[in-house]
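Here is how the chains run, residue by residue.
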Amino acid sequence: MSLTNSSSGAGAGAGTAQTPGGGAPAAIPGPAGLPVIGSLLDLRRDSLGAFLRAQREHGDVVRLEAGPPGLRSVFYAVFAPEGVQQILGTQAANFRKDHPLYEEVRQAFGNGLLTSQDDDYLRQRRLVQPLFTKRRVDGYATAVTTEADAVAARWRSAEEGVVDLVPEMNRLALRTVARILFGLDVEAAVAAIHHSAPVINDYVVRRAYAPLKVPRDWPTPRNLCNRRATAELNALCDRIIAERRAAAAGGEVSDHDDLLSLLASAGNDEDGTLDATEVREQVLIFLLAGHETTATSMAFTLHLLARHPGEQTRIRAELSRVLGDRTPTAADLDRLPRLTRAFKESMRLYPAAPVVSRRAVEATEVAGFTLPAGADVVVAPWVTHRHPDLWEDPERFDPDRFAPEREAERHRYAWFPFGGGPRACIGQHFSMLESVLALATLLRSHELEAIDQDVPVAAGITLQATGPARVRLRAL
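Residues numbered from 1 in each chain as written. Predicted model: local features only at pLDDT ≥ 70, side-chain atom pairs only at ≥ 80, totals over all residues. Heavy atoms only, no water.

Turning to unusual backbone geometry, a few remarks are in order. A positive phi angle, near 55°, is found at A367, a position not held by glycine. Structurally, A367 can be placed in the loop between β10 (364–366) and β11 (369–371). (Helix = DSSP H or I, 4+ residues; strand = E, 2+ residues; numbered from the N terminus.)

One open sheet holds the three strands; their spatial order is β6-β16-β13, and the pairing between them is antiparallel. Two strands close off the open sheet at either side, each with one partner strand: β6 (162–164) and β13 (446–450). Shown here is a sheet whose adjacent strand axes are inclined to one another by a mean of 35°, direction ignored. Sheet topology note: the β13/strand β16 (residues 470–475) ladder contains five bridges and is antiparallel. Counted as the bridge partner of E447 is R474 from β16. (Pairing = 2+ DSSP bridges. Axes fitted to C-alpha atoms, helices over the stretch in contact; angles between N-to-C directions.)

Overall, the coordinates contain 34 salt bridges when judged by the stated rule. In this structure, the salt-bridge partner of R96 is D98, at a minimum N-O distance of 3.1 Å. The class for R96 is partly exposed, based on a relative accessible area of 21%. One salt bridge connects R123 with E278, and the closest N-O pair in it is separated by 2.8 Å. Of the two residues, R123 is situated in helix α4 (residues 118–128) and E278 in helix α11 (residues 276–307); the sequence distance between them amounts to 155 residues. Within the structure, one salt-bridge network assembled from shared partners comprises E311, R314, R338, R341 and D400. (Salt bridge = Lys/Arg side-chain N within 4 Å of Asp/Glu carboxyl O. Buried < 20%, exposed > 50% of the residue type's maximum accessible area, 1.4 Å probe, protein only.)

The subject of this paragraph is the environment of P381. Mapping P381 onto the fold places it in helix α14 (residues 381–384). By relative accessible area, P381 is classed as buried at 1%. Counting along the chain gives 84 residues from P381 to S297, while the straight-line C-alpha distance between them is 14 Å. Every residue in contact with P381, bar those within four places of it in the chain, is listed here: P351, A353, P354, V355, V356 and F416. (Contact = heavy atoms within 4.5 Å.)

One finds F51 and F182 to be the most contacted residues of the largest nonpolar core, which totals 124 residues. Ranked by residues supplied to this core, first place goes to α11 with 15 residues. Leave out the neighbours within four places in its chain, and F182 touches A189, I193, L236, C237, I240, R244, D258, L260, V283 and L287. In this structure, I87, L88, A360 and F369 belong to the second largest nonpolar core, which totals 20 residues. (Core = buried A, V, L, I, M, F, W, Y, C linked by side-chain atoms within 4.5 Å.)

This part takes up the packing of helix α7 (residues 165–182) against α11. Two elements in contact, α7 and α11, have axes whose closest approach is 8 Å; the angle formed by their N-to-C orientations is 145°. Regarding α7 and α11, the two cross each other, and that crossing is right-handed. Across the interface between the two elements, L165, V166, M169, N170, L172, A173, L174, V177, L181 and F182 from α7 touch V283, F286, L287, G290, H291, A295, M298, A299, L302 and H303 from α11. Of the residues contributing to the contact of α7 with α11, the split by class is 16 nonpolar, four polar and no charged. (Left-handed = near helix turned anticlockwise from the far one by under 90°. Nonpolar A, V, L, I, M, F, W, Y, C, P; charged D, E, K, R; others polar.)

Right, let's get into the pairing of strand β3 (residues 61–66). In summary, the side chains of a regular strand alternate between the two faces of the sheet. Counting buried positions along β3 gives five out of six residues, so the element sits mostly inside the fold. Summarising the sheet, β3 and strand β4 (residues 73–78) pair through six bridges and their orientation is antiparallel. Residue pairing in the sheet places R63 in a bridge with Y76 of β4. Connecting the antiparallel pair β3 and β4 is a turn made up of six residues, with G67 showing a positive phi of about 110°.

Our next topic: the packing of aromatic side chains. Here the distance between the centres and the angle between the planes together describe a pair of aromatic rings. Tallied over the full model, the rule gives eight aromatic pairs. Residues F132 and F286 carry aromatic rings whose centres are separated by 5.3 Å and whose planes lie at 65° to one another, so their mutual orientation is edge-to-face. With F132 in the loop between α4 and α5 (134–138) and F286 in helix α11, this pair connects stretches of sequence that are 154 residues apart. Accessibility classification places F132 together with F286 in one group, the buried group. Aromatic side chains Y140 and F430 sit 6.4 Å apart centroid to centroid with 90° between the ring planes, which places their arrangement in the edge-to-face category. Placement of the pair is Y140 in the loop between α5 and α6 (141–155) and F430 in helix α16 (residues 428–445), with a sequence separation of 290 residues. In this structure, Y140 and F430 share a single accessibility class: buried. Taken together, the ring pairs connect F300, Y350 and W382 into an aromatic cluster. R412 extends its terminal NZ or CZ atom over the ring of Y413, reaching a point 4.4 Å from the ring centre. (Phe/Tyr/Trp six-rings, centres within 6.5 Å; stacked < 30°, edge-to-face > 60°. Lys NZ or Arg CZ within 6 Å of the ring centre and 35° of its normal.)

On to helix α12 (residues 309–323). A rise of 1.5 Å per residue sets the reference length of α12, with its 15 residues, at 21 Å; its end C-alpha atoms lie 20 Å apart and thus fit the reference within 8%. Considered for burial, the residues of α12 that qualify are E311, Q312, I315, R316, E318, L319 and L323. Looking down the long axis of α12, one finds its buried residues gathered within 155° of arc, a one-sided arrangement. Opposite the buried face of α12, at more than 90 degrees from it, the exposed residues are P309 and R321. Backbone geometry just after α12 places G324 at a positive phi near 60°. (Expected span 1.5 Å × (residues − 1). Arc of directions from axis to C-beta.)

The next subject is the side chain of T176. Mapped onto the fold, T176 is located in helix α7. Setting aside chain neighbours within four positions, we find T176 in contact with V144, E147 and E434.

To continue, consider the pairing of strand β9 (residues 356–360). Within β9, five of the five residues are buried, which leaves it mostly tucked inside the rest of the structure. Of the two faces of β9, both are covered, the one formed by V356, R358 and A360 as well as the one formed by S357 and R359. Sheet topology places strand β5 (residues 95–96) next to β9; two bridges connect them, and they run antiparallel. Within β9, the position partnered with F95 by the bridge is A360. Note: β9 against strand β12 (residues 376–379), four bridges, orientation antiparallel. Note that in β12 the partner of S357 across the bridge is V378.

Following this line, the structure appears as structure tokens:
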């Protein structure tokens, strides 16, 4: 996400660090930027590059300013894993999801697990957690391989044997999550999501970082376009929820085991059940969190392997040895360590959530500096995953970084593509299962050769490829 125009609710001035001997506290360092607008242009042009430069030049706690006087925002970035652990883990209660981006996501997709807080979040987590147990998630393996097999079959007839991995993996991830969420209604769901989700995502990001926000109920072209897209997605979910509940109320025995049906029937004595609006909000959040993030991770894994044919060959040998000619299953996830390491290394270099935002409730000391109460704070997997003190030659693709003995040596928060602490991603096992099984299916059927060597990226709600990632295919 671009952090241009991030709103600081603090008004508390610069953060400080205590100096030896009890002298005046030192201000948190950061780029000076331009005289009037600070780092505004750098953040707009390339926020991820700006964060990397800030860490290299100013250290692991950095203060950034962006925007002209009167509209200037101030926020703090924390890059060392110990600081990340404080913010996401040990002191998570002090760093809330009150950032403007989360408010816009909340307005667009509802108050689901991604955006809810406090008692709402705890109740939802208790209700939804049973649907994401390992046993339950492993049951979705067939849906994953069915969709991946369809992609492999289509690739065999690809024009000139060339595909762009970015839209290909977006389509695969969208169809997979739609099949798991909606079951037999996958085709209608894919059409609505494909049309509406990009409109809503663009609207959310633009509003989150706009210095002045036009009221949502004004009939501007952008507001009206977003309203239509939101209504289309809401109507899809509401229709399917109503059908499922009407069938149950009429005494019909349902053969639906999709996630939407399970959400609609989820409940316990303490928390009750989710009403229709709450079910829809969870579904929309799962679509957002389970579609774009997984698509990004799979696309960059395949592209990196296309650029590194030796590693691709080693993974294909593992697939041949473990799978033979059979379809991969959930039980194979632990039997494919080479492929899993490559996937983890891809998530290190291209984390689907490259920047994570929070807001400090109280003044907090991090790495010797005091972050003020009310400050907007970010942690950045994009930067921490490239920290030279944590990763040797950090831009190099090296799956062996994730050999068990090397993982054990690193700080828990040196690699955190799924977040961490009490708000860690509930779908982590599902993401790993879906990605590894789909990648295994595609790599076993095709050899990939990179055409585009470097893929430009930018940060929106999730990491976005801003150029093609084309590969030449050779069917095996």
